[in-house]
Amino acid sequence: MSTARQAARIPLALAVAANLACDAQRDDVADTARGDTTTAAAEVEAYALVRTVTGFSTPEAARYDGEQDVWFVSNINGAPAARDNNGFISRIRQDGTIDSLQFIAGGRGGITLHAPKGLLVVGDTLWVADLNIVRAFNARTGARIADVTVRGATMLNDLAAGPDGALYVTDTGLEFGVEGAQQQPSRIYRVSGMRAELALESAALNGPNGIAWDGGRDAFVIGSYFGDSLFAWAPGDSEARGIAAGPGQWDGIVILPDGRVLASSWTDSSLYVLEGSTTRKVVSGVASPGAIGIDPQRMQVAIPSLMGNVVDLYRVPGR
């Protein structure tokens, strides 16, 4: 990406941060995206809206817990880089009712949670990416387990489990200071044994955001927020390789049981499917789509809308 193009993306991130601090309503932000007619109507209908869950505050990520048959949703509750200790995690039932809006809440019971983003459920542990710390909680009780500080990180974003049993977390590298937003190095960190280490630093990733392990590729699929590409990277490799291009500003990524890849894009408020090296739009009009999650039992994808303060659940059709 050229320097001029990259610089153009930074002000956009600043605008997003400012908007996230406001109580933007869904109707105000979604209408502008509904005029997109690039996706065939039949294709959009195939990914049918099941329900919309309301009541959140800047929801960034949704993750399904198959053991409890519930969804967890991270709520930034303000600006995405603010150390305000008011972030929280919600728990949702499958019928769309909120079991606990603040299942885990910053500032309550000795818990610190500033601007929670990516979530990952491993057994009975809920992992949360929170600025430069990966936090672990009991997924059943909400009790704090541990905090793992990731030294050198500026904005941890999404989490995925690797084949080696470790966690891998993206660092989008966006840092807010007195001079505004600055893009720092793009990195992937490895977390194991409650310790974090640098696994990859790559300018090519250009603000890595979503990450998911793809067994078919034997690699992680990673989305660039400041670039247009989706990448594949295996632990130990010195560089990531581009596997597809699209509108860019990629956020959430999930791997479906049949190997298809779903990715959300802020550029045109849409959800895409990656088949081979081709990205194809399948859902439009989801403003500011965050880190998506998949319920493989019901084949439903959850799409948080950060500025809409809702989570949409869509049915995912078969091939």
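Predicted model, so just to flag it, every value in this text is computed and none were measured.

1. Overview of the sheet that holds strand β17 (residues 219-224)
Taken together, the four strands give an open sheet; going across it, the order is β16-β17-β18-β19, and neighbouring strands pair in antiparallel fashion. Because the sheet does not close on itself, it has two edges, and the strands there are β16 (208-214) and β19 (241-245). Across the sheet, the mean angle separating the axes of adjacent strands is 25° when strand polarity is ignored.

2. Here we look at the pattern of salt bridges
By the definition in use, this model includes 16 salt bridges. As a salt-bridge pair, Asp130 and Arg135 come within 2.8 Å of each other at their nearest N and O atoms. Judged by relative accessible area, which is 2%, Arg135 ranks as buried. For Glu201, the salt bridge goes to Arg187, with nearest N and O atoms at 3.0 Å.

3. Notes on the pairing of strand β15 (residues 195-201)
Taken together, the six bridges between strand β14 (residues 187-192) and β15 define a ladder with antiparallel strand orientation. Of the residues in β15, the one forming a bridge with Ser192 is Arg195. Taking the residues that link successive antiparallel strands as the turn, the β14-β15 hairpin has two residues, and the phi of Gly193 there is positive, at about 60°.

4. Considering the packing of aromatic side chains
One pass over the structure, following the stated rule, counts nine aromatic pairs. Considering the side-chain rings of Trp213 and Phe220, the 4.9 Å spacing of their centres and the 80° angle between planes classify their relative orientation as edge-to-face.

5. Side note on the environment of Ile111
The residue Ile111 is located in the loop between β5 (98-105) and β6 (116-122) in this model. By relative accessible area, Ile111 is classed as buried at 11%. Between the alpha carbons of Ile111 and Phe137 there is a distance of 9.8 Å; along the sequence they are 26 residues apart. Residue contacts for Ile111: discarding those within four places in its chain leaves Asn85, Ile104, Ala105, Gly106, Phe137, Gly142 and Arg144.

6. Quick word on the sheet that holds strand β7 (residues 125-130)
Across the sheet, four strands lie side by side as β6-β7-β8-β9; this open sheet has antiparallel pairing. The open sheet is flanked by β6 and β9 (144-149), the only strands paired with a single partner. For this sheet the average axis-to-axis angle between neighbouring strands, irrespective of direction, equals 20°. Relative to β7, β6 runs antiparallel, the two sharing five bridges.

7. A look at the side chain of Gln68
Mapped onto the elements, Gln68 comes out in the loop between β2 (59-65) and β3 (70-75). Look past the residues within four positions of Gln68 in its chain and what remains in contact with it is Arg91, Ala139 and Arg140.

8. Description of the layout of surface pockets
One simple way to see leftover space: roll a probe sized like a water molecule over the atoms. Approximately 400 Å³ is the volume found for the largest pocket. The wall of the largest pocket is formed by 19 residues, among which Arg63, Leu120, Val121, Val254 and Ile294 lie closest to the centre. Those elements giving two or more residues to the lining of the largest pocket turn out to be β2, β6, β10 (156-161), β16, β20 (250-255) and β24 (293-295). Here the lining of the largest pocket is built from residues that sort into 13 nonpolar, three polar and three charged.

9. Details of the confidence of the model for the protein
Scored by pLDDT, the protein has a mean of 88; 84% of the residues are at 70 or more. When the criterion is pLDDT under 50, residues 1-15 qualifies, and its contacts beyond four places in sequence or with other chains add up to 23 contacts. Across residues 17-40 the pLDDT falls below 50, and counting only partners more than four positions away or on other chains, this stretch makes 38 contacts in the model.

10. Concerning the side chain of Ser202
Along the polypeptide, Ser202 turns up in the loop between β15 and β16. Polar contacts involving the side chain of Ser202 include one to the side chain of Glu239, which spans 2.3 Å. With sequence-adjacent residues up to four places away left out, Ser202 is seen in contact with Ser186 and Glu239.

11. Remarks on the nonpolar core
Tyr47, Leu262, Leu271, Val301 and Val316 are the most contacted members of the largest nonpolar core, which has 16 residues in total. Of all elements in the fold, only β22 (270-275), β23 (278-283) and β25 (300-305) reach the threshold of two or more residues within this core. Excluding residues within four positions of it along the chain, Tyr47 makes contact with Arg260, Leu262, Val273, Val282, Val283, Tyr314, Arg315, Val316 and Pro317. Ala219, Ala244, Ile253 and Tyr272 belong to the second largest nonpolar core, which has 15 residues in total.

What counts and how
- Residues numbered from 1 in each chain as written.
- Predicted model: local features only at pLDDT ≥ 70, side-chain atom pairs only at ≥ 80, totals over all residues.
- Heavy atoms only, no water.
- Pairing = 2+ DSSP bridges.
- Helix = DSSP H or I, 4+ residues; strand = E, 2+ residues; numbered from the N terminus.
- Axes fitted to C-alpha atoms, helices over the stretch in contact; angles between N-to-C directions.
- Salt bridge = Lys/Arg side-chain N within 4 Å of Asp/Glu carboxyl O.
- Buried < 20%, exposed > 50% of the residue type's maximum accessible area, 1.4 Å probe, protein only.
- Phe/Tyr/Trp six-rings, centres within 6.5 Å; stacked < 30°, edge-to-face > 60°.
- Contact = heavy atoms within 4.5 Å.
- 1 Å grid on protein atoms, 1.4 Å probe; cavity = no way out; pocket = protein on both sides within 12 Å on 5 of 7 lines; lining within 4 Å.
- Points joined across faces, edges and corners; volume = space filled by probe spheres on them.
- Nonpolar A, V, L, I, M, F, W, Y, C, P; charged D, E, K, R; others polar.
- pLDDT = per-residue confidence, 0-100.
- Polar contact = N/O pair within 3.5 Å; in protein donor to acceptor, adjacent residues only side chain to side chain.
- Core = buried A, V, L, I, M, F, W, Y, C linked by side-chain atoms within 4.5 Å.

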